[in-house]
Amino acid sequence: MIRETNKASILLLLLLLSSCNSDVIFTDSVVMENNIWELSNMPDFSMQIDDTTLLTNVFFTIRTGSDYPFRNLFLFVTVSSPDGNRMTDTLEYYLADEKGNWYGKGFGDIHELNLPYRTDVFFPHRGTYLFKIQHGMRIGDLPGIYDFVLRIERSKR
């Protein structure tokens with residue numbers, strides 16, 4: 001009986017150690033109050049970079065409800081680096097096909113979709129990087145948005 005317990009403990013320890021080897025180096029989310037993304041609400045994410053040689057992939061995750069009125073989403077993404085440089089991208093993502101079928105995975109009313117932003121990039125300066133996100137849709141208050149996530153992972157290359 002003691003041997004079986006030791007085997008189980010060792011197996012559990014090995015599982016825990018292997019799960020600690022995650023490729024995610026940063027993740028943060030912003031919950032939209034009342035499931036509405038107001039135009040004036042520009043989520044910002046601060047990330048500290050110490051390893052300037054690390055190759056990464058940057059993703060967004062968005063969770064929407066069936067009351068989201070569009071099949072696409074425009075974003076203005078501004079990234080500020082520690083040396084003061086800023087870069088702004090205008091992006092369009094499709095959240096559903098032309099028949100209204102949502103991409104990604106869903107449960108009930110909620111649909112979650114991972115949106116790739118940049119792949120195989122490195123951050124060339126040590127310090128704090130700031131990501132600022134604004135929706136670029138033609139209406140000010142965008143209903144049906146539950147939350148928005150920024151996730152940065154190690155590249156598999």
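Thresholds, definitions, all that
- Residues numbered from 1 in each chain as written.
- Predicted model: local features only at pLDDT ≥ 70, side-chain atom pairs only at ≥ 80, totals over all residues.
- Heavy atoms only, no water.
- Pairing = 2+ DSSP bridges.
- Helix = DSSP H or I, 4+ residues; strand = E, 2+ residues; numbered from the N terminus.
- Axes fitted to C-alpha atoms, helices over the stretch in contact; angles between N-to-C directions.
- Salt bridge = Lys/Arg side-chain N within 4 Å of Asp/Glu carboxyl O.
- Buried < 20%, exposed > 50% of the residue type's maximum accessible area, 1.4 Å probe, protein only.
- Phe/Tyr/Trp six-rings, centres within 6.5 Å; stacked < 30°, edge-to-face > 60°.
- Lys NZ or Arg CZ within 6 Å of the ring centre and 35° of its normal.
- Lys, Arg positive; Asp, Glu negative; His and termini not counted.
- Polar contact = N/O pair within 3.5 Å; in protein donor to acceptor, adjacent residues only side chain to side chain.
- Contact = heavy atoms within 4.5 Å.

J.: So, the sheet that holds strand E6 (residues 86-94): which residues are in play, and what are the values?
T.: A sheet is described by the order of its strands in space; here four strands give the open sequence E3-E9-E5-E6, paired in antiparallel fashion. Two strands in the sheet have a free side with no partner beyond their single neighbour: strand E3 (44-49) and E6. Averaged over all neighbouring strand pairs, the angle between strand axes comes to 20°, with direction disregarded. Examined bridge by bridge, strand E5 (residues 72-80) and strand E9 (residues 127-135) share six bridges and lie antiparallel to one another. Bridged to Thr 78 within E9 is Lys 132.

J.: Please give an account of the pattern of salt bridges that cites residues and values.
T.: A side chain of one charge can pair with a side chain of the opposite charge when the charged atoms of the two come close. Under the defined criterion, the tally for this structure stands at six salt bridges. Among the ionic pairs, Asp 23 bridges to Lys 156, the shortest N-O distance being 2.3 Å. Of this pair, Asp 23 sits in the loop between helix H1 (2-19) and strand E1 (24-31) while Lys 156 sits in the segment after strand E11 (145-154), and the two are 133 residues apart along the sequence. Taking relative accessible area as the criterion, Lys 156 reaches 67% and is therefore assigned exposed.

J.: Explain the packing of aromatic side chains to me, and be specific about the residues and the numbers.
T.: Applying the stated criterion to the full structure yields seven aromatic pairs. Centroid distance Phe 123 to Tyr 129: 4.8 Å. Interplanar angle 65°. Geometry classified as edge-to-face. Taking the relative accessible area as the measure of exposure, Tyr 129 reaches 3% and is therefore buried. Three or more aromatic residues joined by ring pairs form one cluster here, namely Trp 37, Phe 60, Tyr 117 and Phe 148. The cationic tip of Arg 118 hangs over the ring face of Tyr 117; the distance from NZ or CZ to the ring centre is 5.3 Å.

J.: Requested: an account of the side chain of Asp 97, with residues and values cited.
T.: Looking at the element boundaries, Asp 97 is found in the loop between E6 and strand E7 (105-107). Although buried, Asp 97 forms no salt bridge, and the nearest oppositely charged side chain, Arg 71, lies 5.9 Å from it. A distance of 2.9 Å separates a polar side-chain atom of Asp 97 from the backbone nitrogen of Lys 99. Polar contacts involving the side chain of Asp 97 include one to the main-chain amide nitrogen of Asn 101, which spans 2.9 Å.

J.: Lay out the side chain of Thr 64 in plain terms, naming residues and giving numbers.
T.: Among the structural elements, Thr 64 can be located in strand E4 (residues 56-65). By relative accessible area, which is 2% here, Thr 64 ends up buried. Setting aside residues up to four positions removed in sequence, Thr 64 forms contacts with Leu 95, Trp 102, Asp 109, Ile 110, His 111, Gly 144, Ile 145 and Tyr 146.

Function-wise, these values are silent; they only describe arrangement.
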